[in-house]
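Examination of the molecular architecture
Chain by chain, the residues:
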Amino acid sequence: MKMSVVSKKLWSVHKQLVLLLTPLLFLPLLFTLPEKEGKCLYVVVLMAMFWCTEALPLAVTAMLPVCLFPTLGILPSKKVCPQYFLETNFLFLSGLVMASSIEEWGLHRRIALKVLSIVGVKPAWLILGMMMTSSFLSMWLSNTATTAMMLPIANAILESLFGDLETLKQKCKCTEEPEGEIINGQSTSKLHSLPSVPSEKQILSIDGTDGTEQSDTRTAEEIRSESQYQLKVWKGFLICIPYAASIGGTATLTGTAPNLIMIGQLKSYFPDCDLINFGSWFAFAFPLMLLFLFLGWIWIAFLYGGLNTRLCFKRHDRRAQAEARAKAVIDEDYRKLGPINFAEGAISFFFILFAVLLFTRDPKFVTGWSVFFKKGYVSDAVTGVIIVSILFFFPSQKPSLSWWFDPQGSNTPYVPLLSWKKAQDSVPWNIILLLGGGFAMAKGCEESGLASWIGGHLQPLAEVPPAAAVMLITAFLACFTEFASNTATIIIFLPVIAELAIHISVNPLYFMIPATVGCSYAFMLPVSTPPNSIAFASGHLMVKDMVKTGIVMNILGVLSVSLAMNTWGVAMFNLNMYPEWAQSINKSAVVTDVHFSSVQSLNATL
């Protein structure tokens, strides 16, 4: 049998082989390491392999601690199971439910079109508008949903600017005879990979013209050159949306799963640390997001042809005519949305209230409203659940007092802003299990002493200056998450990073925050994140496009995080000092080591 045939057969069953061989290959861990640490490391390695290869669904792998920790004697089930629904999970759930209500009434679409109508239609400004809108929406919606919603809007604008993409590709290859006008406001075929609603494809007449083709006296080379420029801009549009969605998710605790895993593990390892909550995280991460978003825009606009003199000077040429058509499409689509209805207004109000209450509960730099309640009783999760619970009974139609006195009035049941069926269908429940699996793994690493054992073996890293260590940690995790889920990556490495900080007496937040943010900076490969995959699935991006753009984006991300940590991060979280809430962990670790040494000495004497 040929090797190619064998390799294809092996690849077709590679997941089953991983499931069978991984437990056997790592069996020596159970016998070569200290008993409890070895068993815990065995489970961690199994989960890491299954997560990275997706041999099992991510959520199923996340449930393995429920069966493996108790049976191997690492942790009793009564300690494992509660980790799957900590208060952090409720905060995340409330954010997902709020996002469902925003999507239900189309508020996200109104926001997107409004921003695009404000920034203008020149390619660089439109790329900026796309990135701003995508990043803002992904602060509250999932990164995947944001990308899936923004790509059809981008597609419609691009078709109004440049015509049909397939025709554009043909013109790029044109070398002999000039063809029709490059900027023809009307598409000749449909772009199947990025579906859009008909109103976004409609081309409006400008200045009394009907959008028909005009004579084109340009040479074939001029047509080809212009088409290549337009194709570059098209790629810039497609690539900027998933990148901005990944960047925007880092700005809020509920924006992406790694942020919540960090806060959950922080509470598990350092119960006395209360520095990180929704407000304080936003105060740190939002300026970082803006900085990285601006740098990313400069790079993408430069790479894909958007930075030129047209940004500052008006010209009356073919591009200007196409830009006018694109502006008309955006304005027309926004006009068709009509005025804000009662449901959209209500969702906007509760969305703003949701954000304001989370920011002001305990912002640290001023007294928050949580002081009106018993200390330590009200958390961000409580706030989130209160607001989203209202959505399930608040009416979507404006209540009318006259209805009660109108015998002819319609007696149809009222519709709330959000139904449980809609929430049930749109909330990705597997993410809740994934978060829980991360918390369970962290608890096992803590209770078994595995994290402390690994941290002790990383002592040589104490020689590396902390500022350099921040850059190394961020860069390493940003590269690792190119091949694995960002949630799985942070679950695997965060306990080790926390223990490393303790062993070299560095504020744990100084390492944990950049590690968490770095896990969201996966830009180089289509498989790195679902947003990247959605954009790549359009069929108009190549892997080399993402690698060429993404490698610089990764570098810019690492530099931005390092700058943030060593400037306003130091001031906000007092990172220059080793905190008291971490010293208590050190003392307990020392006591444990002394006790372990005493037992060993006693055994030797006996």
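Residues numbered from 1 in each chain as written. Predicted model: local features only at pLDDT ≥ 70, side-chain atom pairs only at ≥ 80, totals over all residues. Heavy atoms only, no water.

Quick notes on the overall build of the protein chain
The helix and strand tally for the protein chain stands at 29 helices and zero strands. Counting across all 606 residues of the protein chain, residues that qualify as buried make up 51%. The long-range fraction of contacts in the protein chain, counting pairs at least 24 apart against all pairs at least 6 apart in sequence, stands at 80%. For the protein chain, the exposed surface amounts to about 27,800 Å²; the carbon and sulfur share of it is 66%. (Helix = DSSP H or I, 4+ residues; strand = E, 2+ residues; numbered from the N terminus. Buried < 20%, exposed > 50% of the residue type's maximum accessible area, 1.4 Å probe, protein only. Contact = heavy atoms within 4.5 Å. Areas by Shrake-Rupley, 256 points an atom, 1.4 Å probe, with all protein chains shown as cover.)

Points about empty space enclosed by the protein
Under the defined criterion, the tally for this structure stands at five cavities of 30 Å³ or more. For the second largest cavity, the full set of lining residues is Ile102, Leu107, Ile111, Phe136, Leu137, Trp140, Leu141 and Phe351. Looking at the lining of the second largest cavity, the elements with two or more residues in it are helix 9 (107-119) and helix 10 (123-138). Residues belonging to the lining of the second largest cavity are distributed by class as follows: eight nonpolar, no polar and no charged. (1 Å grid on protein atoms, 1.4 Å probe; cavity = no way out; pocket = protein on both sides within 12 Å on 5 of 7 lines; lining within 4 Å. Points joined across faces, edges and corners; volume = space filled by probe spheres on them. Nonpolar A, V, L, I, M, F, W, Y, C, P; charged D, E, K, R; others polar.)

A few points about the environment of Glu580
Positionally, Glu580 belongs in helix 29 (residues 580-605). We classify Glu580 as exposed; its relative accessible area is 67%. Remark: the alpha-carbon pair of Glu580 and Cys273, spanning 307 residues in sequence, is separated by 8.9 Å.

Focus: the packing of aromatic side chains
Within the structure shown, the criterion is met by 29 aromatic pairs. Ring geometry for Trp140 versus Phe278: centroids 6.3 Å apart, planes at 25°, classification stacked. With Trp140 in the loop between helix 10 and helix 11 (143-162) and Phe278 in helix 16 (residues 278-303), the pair connects residues that are 138 residues apart, well separated along the chain. On the basis of relative accessibility, which here comes to 10%, the residue Trp140 falls in the buried class. With relative accessibility at 0%, the residue Phe278 sits in the buried group. Between Phe278 and Phe359, the ring centres sit 5.3 Å apart and the planes meet at 40°, which makes this aromatic pair tilted. (Phe/Tyr/Trp six-rings, centres within 6.5 Å; stacked < 30°, edge-to-face > 60°.)

Focus: the packing of helix 23 (residues 466-480) against helix 25 (residues 508-518)
The interhelical angle for the contact between helix 23 and helix 25, taken along N-to-C directions, is 25°, at an axis separation of 8 Å. Relative to helix 25, the element helix 23 is oriented roughly parallel. Classified by chirality, the crossing of helix 25 by helix 23 is right-handed. Every residue of helix 25 that contacts helix 23 at Pro466, Ala467, Ala469, Val470, Ile473, Thr474, Leu477 and Ala478 is listed here: Tyr510, Phe511, Pro514, Ala515 and Gly518. In terms of residue class, the contact of helix 23 with helix 25 is made up of eleven nonpolar, two polar and no charged. (Axes fitted to C-alpha atoms, helices over the stretch in contact; angles between N-to-C directions. Parallel < 35°, antiparallel > 145°, perpendicular 65-115°, else oblique. Left-handed = near helix turned anticlockwise from the far one by under 90°.)

Examining the environment of Leu64
Of note, Leu64 is situated in helix 6 (residues 64-71). Along the primary structure Leu64 and Met441 are separated by 377 residues, whereas in three dimensions their C-alpha atoms are 9.4 Å apart. Sequence-distant contacts of Leu64, defined by excluding residues within four places in its chain, comprise Met47, Phe50 and Phe69.

Side note on the layout of surface pockets
Counted as a void, the largest pocket has a volume near 910 Å³. Together, 43 residues line the largest pocket, and Thr144, Ile431, Asn486, Thr487 and Pro530 are the ones closest to its centre. Of all the secondary structure elements, the ones that give two or more residues to the lining of the largest pocket are helix 4 (35-53), helix 8 (87-104), helix 11, helix 15 (257-269), helix 21 (429-448), helix 24 (486-503) and helix 26 (530-536). Per-element accounting of the lining of the largest pocket gives the leading share, six residues, to helix 8.

What about the confidence of the model for the protein chain?
The predicted model of the protein chain has a mean per-residue pLDDT of 78, with 80% of residues at 70 or higher. By mean pLDDT, helix 13 (residues 198-201) is the weakest element of the protein chain at 36, and helix 25 is the strongest at 93. Low confidence marks residues 175-215, where pLDDT is under 50. Its contacts with residues over four positions away, or in another chain, come to 96 contacts. Residue range residues 587-606 is modelled with pLDDT below 50. Its contacts to residues more than four positions away, or to other chains, number zero contacts. (pLDDT = per-residue confidence, 0-100.)

Overview of helix 15
Along an α-helix, a turn takes 3.6 residues, which lines up residues three or four apart on a common side. Here helix 15 contains 13 residues, and its C-alpha end-to-end distance of 18 Å stays within 8% of the 18 Å for a straight helix at 1.5 Å per residue. Among the 13 residues of helix 15, twelve are classified as buried, and the element is accordingly described as predominantly covered. Every buried residue of helix 15 is accounted for by Ala257, Pro258, Asn259, Leu260, Ile261, Met262, Ile263, Gly264, Gln265, Leu266, Ser268 and Tyr269. (Expected span 1.5 Å × (residues − 1).)

Quick look at the side chain of Thr250
On the secondary structure map, Thr250 appears in the loop between helix 14 (220-248) and helix 15. The class of Thr250 is buried, set by a relative accessible area of 1%. Within polar-contact distance, the side chain of Thr250 engages the backbone oxygen of Ile247 at 2.6 Å. The residues contacting Thr250, other than those within four sequence positions of it, are Asn259, Trp281, Ala285, Val517, Ser520 and Tyr521. (Polar contact = N/O pair within 3.5 Å; in protein donor to acceptor, adjacent residues only side chain to side chain.)

Some remarks on the environment of Pro28
By the element assignment, Pro28 lies in the loop between helix 2 (14-25) and helix 3 (29-32). What makes Pro28 partly exposed here is its relative accessible area of 44%. In this structure, the C-alpha to C-alpha distance between Pro28 and Gly38, residues ten residues apart in sequence, is 8.9 Å.

Comments concerning the pattern of salt bridges
Charged atoms that come close allow side chains of opposite charge to pair. Following the criterion strictly, the structure yields twelve salt bridges and no others. In this structure, Asp545 engages Lys235 in a salt bridge whose closest nitrogen and oxygen atoms are separated by 3.1 Å. A residue pair is termed long-range when its members are at least 10 positions apart, and Asp545 in helix 27 (residues 543-565) and Lys235 in helix 14 qualify at 310 residues. For the pair shown, Asp545 and Lys235 are each scored as buried. Where Arg361 meets Asp380, a salt bridge forms, and the shortest distance between an N and an O atom there is 2.7 Å. Here Arg361 is found in the loop between helix 18 (342-360) and helix 19 (380-391), whereas its partner Asp380 is found in helix 19, with 19 residues between them in sequence. Several salt bridges converge on common partners, so that one network encompasses Lys79, Lys443 and Glu447. (Salt bridge = Lys/Arg side-chain N within 4 Å of Asp/Glu carboxyl O.)

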